[in-house]
Amino acid sequence: MATVEVDQDLCVGDQICASMEPEIFEMRDDGLAYVVDGMGELEDEAMIEAAKEAADACPVDAITVSE
Ligand code: SF4
């Protein structure tokens, strides 16, 4: 199991995570990325890897994936 979080204080709203993994990340009205409701705790290995790839792609390290 992994916990996924986005730090909105760091996010610059470039939409990379949401375009890479729209099942996990979404842009909201404030222009920042958030974890989709219900996706904050991932069990599926493929989804965990997808979240990690998005975290690696985030230019400001706003995404944390903790196992
Ligand atoms: S990739 Fe990072 S900076 Fe870009 S929208 Fe996602 S959390 Fe924000």
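Higher on the page you've got the structure.
Everything in this summary refers to the structure shown in the same document. Worth saying up front: this structure is predicted, and the values here are computed from it rather than measured.

## Thoughts on the overall build of the protein
Inference 1: Within the protein, the secondary structure is distributed over two helices and five strands.
Inference 2: Along the chain direction, N to C, the helices and strands of the protein fall in the order β-α-β-β-β-α-β.
Inference 3: Scaling as 2.2 N^0.38, a compact globule of 67 residues should have a C-alpha radius of gyration of about 11 Å, and the protein matches this with 10 Å.
Inference 4: Residues classed as buried in the protein amount to 39% of the 67 residues present.
Inference 5: If you take every contact in the protein between residues at least 6 apart in sequence, the share linking residues at least 24 apart comes to 56%.
Inference 6: Counting only carbon and sulfur atoms, one obtains 45% of the accessible surface of the protein, whose full area is about 3900 Å².

## Here we look at a nonpolar patch on the surface
Inference 1: Among the surface-exposed residues, Leu-10, Val-12 and Val-60 lie close enough to one another that they form a single nonpolar patch of about 230 Å² accessible area.
Inference 2: Relative to the helices and strands, Val-12 resides in the loop between β1 (2-6) and α1 (16-20).

## Comments concerning the sheet that holds strand β4 (residues 41-42)
Inference 1: Overall, antiparallel pairing links the three strands, which are arranged β4-β1-β5 in an open sheet. What marks the edges here is a single partner per strand, and that holds for β4 and β5 (63-66).
Inference 2: Helix α2 (residues 45-57) contacts β1, β4 and β5 of the sheet and is inclined by roughly 145 degrees relative to β5.

## Here we look at α2
Inference 1: A rise of 1.5 Å per residue sets the reference length of α2, with its 13 residues, at 18 Å; its end C-alpha atoms lie 18 Å apart and thus fit the reference within 8%.
Inference 2: Buried residues of α2: Met-47, Ile-48, Ala-50, Ala-51, Ala-54 and Ala-55, and no others. Looking straight down α2, one finds its buried side chains confined to an arc of 160 degrees; they lie on one side. Projecting away from the buried face of α2 at angles above 90 degrees are the exposed residues Ala-46 and Asp-56.
Inference 3: Tucked inside the fold, the buried residues of α2 contact β1, α1, β2 (25-27), β4 and β5.
Inference 4: Where α2 begins, one side-chain oxygen reaches toward the backbone nitrogen of Ala-46, 3.1 Å away; that side chain belongs to Asp-44.

## A look at the site of the ligand
Inference 1: Around the ligand lies a shell of 13 residues, among which Cys-11, Asp-14, Gln-15, Cys-17 and Cys-58 are the nearest.
Inference 2: Residue composition of the shell around the ligand, by class: ten nonpolar, two polar and one charged.

## So, the nonpolar core
Inference 1: By size, the foremost hydrophobic cluster in this structure holds 24 residues, and its most contacted members are Val-4, Ile-24, Phe-25, Met-39, Leu-42 and Ile-63.
Inference 2: At the level of elements, β1, α1, β3 (33-35) and α2 are the ones that each hand at least two residues to this core.
Inference 3: Looking at this core, the element that brings in the most residues is α2, giving six residues.
Inference 4: Not counting chain neighbours up to four residues away, the residues in contact with Ile-24 comprise Val-4, Tyr-34, Val-35, Val-36, Met-39, Leu-42, Met-47, Ala-50 and Ala-51.

Here is what the cut-offs are and how they apply
- The written sequence of each chain sets the order in which its residues are numbered from 1.
- The model is predicted, so local features are restricted to residues of pLDDT at least 70 and side-chain atom pairs to those at 80 or more, both for listing and for counting; the totals for chains, interfaces and linings are taken over all residues.
- Computation of side-chain values: all heavy atoms of the structure, hydrogens and water removed.
- Secondary structure follows DSSP: runs of H or I at least 4 residues long count as helices, runs of E at least 2 residues long count as strands, and numbering of each begins at the N terminus.
- Note on method: radius of gyration uses C-alpha positions; expected globular size equals 2.2 Å times residues raised to 0.38.
- Relative accessibility thresholds used throughout: buried, under 20% of the residue-type maximum; exposed, over 50%; partly exposed, between the two (1.4 Å probe, protein chains only).
- It only takes one pair of heavy atoms within 4.5 Å for two residues to be counted as in contact.
- Shrake-Rupley sampling with a 1.4 Å probe provides the accessible areas, and residues are treated as covered by the protein chains on show and by no other component.
- Without a salt bridge and with relative accessible area above 30%, a residue can belong to a patch; like charges are then joined within 9 Å and nonpolar side chains (Val, Leu, Ile, Met, Phe, Trp, Tyr) within 5 Å.
- We count a salt bridge whenever a side-chain nitrogen from Lys or Arg sits within 4 Å of a carboxyl oxygen from Asp or Glu.
- A pair of strands is considered paired only if DSSP assigns at least 2 bridges between the two.
- Between N-to-C directions, angles cover 0 to 180 degrees, with each direction set by a line fitted to C-alpha atoms, over the stretch in contact for helices.
- Here the expected length of a helix is defined as 1.5 Å per residue gap, with one fewer gap than residues.
- Arc, as used here, means the arc of the directions from the helix axis to the C-beta atoms.
- Polar contact is the term for a pair of N or O atoms within 3.5 Å; when the atoms are in protein, one must be able to donate a hydrogen and the other to accept it, and sequence-neighboring residues count only if both atoms are side-chain atoms.
- When at least one non-hydrogen atom of a residue lies within 4 Å of a molecule or strand, that residue is treated as near it.
- Each residue receives one of three labels: charged for Asp, Glu, Lys and Arg, nonpolar for Ala, Val, Leu, Ile, Met, Phe, Trp, Tyr, Cys and Pro, and polar for the others, Gly being one of them.
- Buried Ala, Val, Leu, Ile, Met, Phe, Trp, Tyr and Cys residues that are joined via side-chain atoms within 4.5 Å together make up what is termed a nonpolar core.

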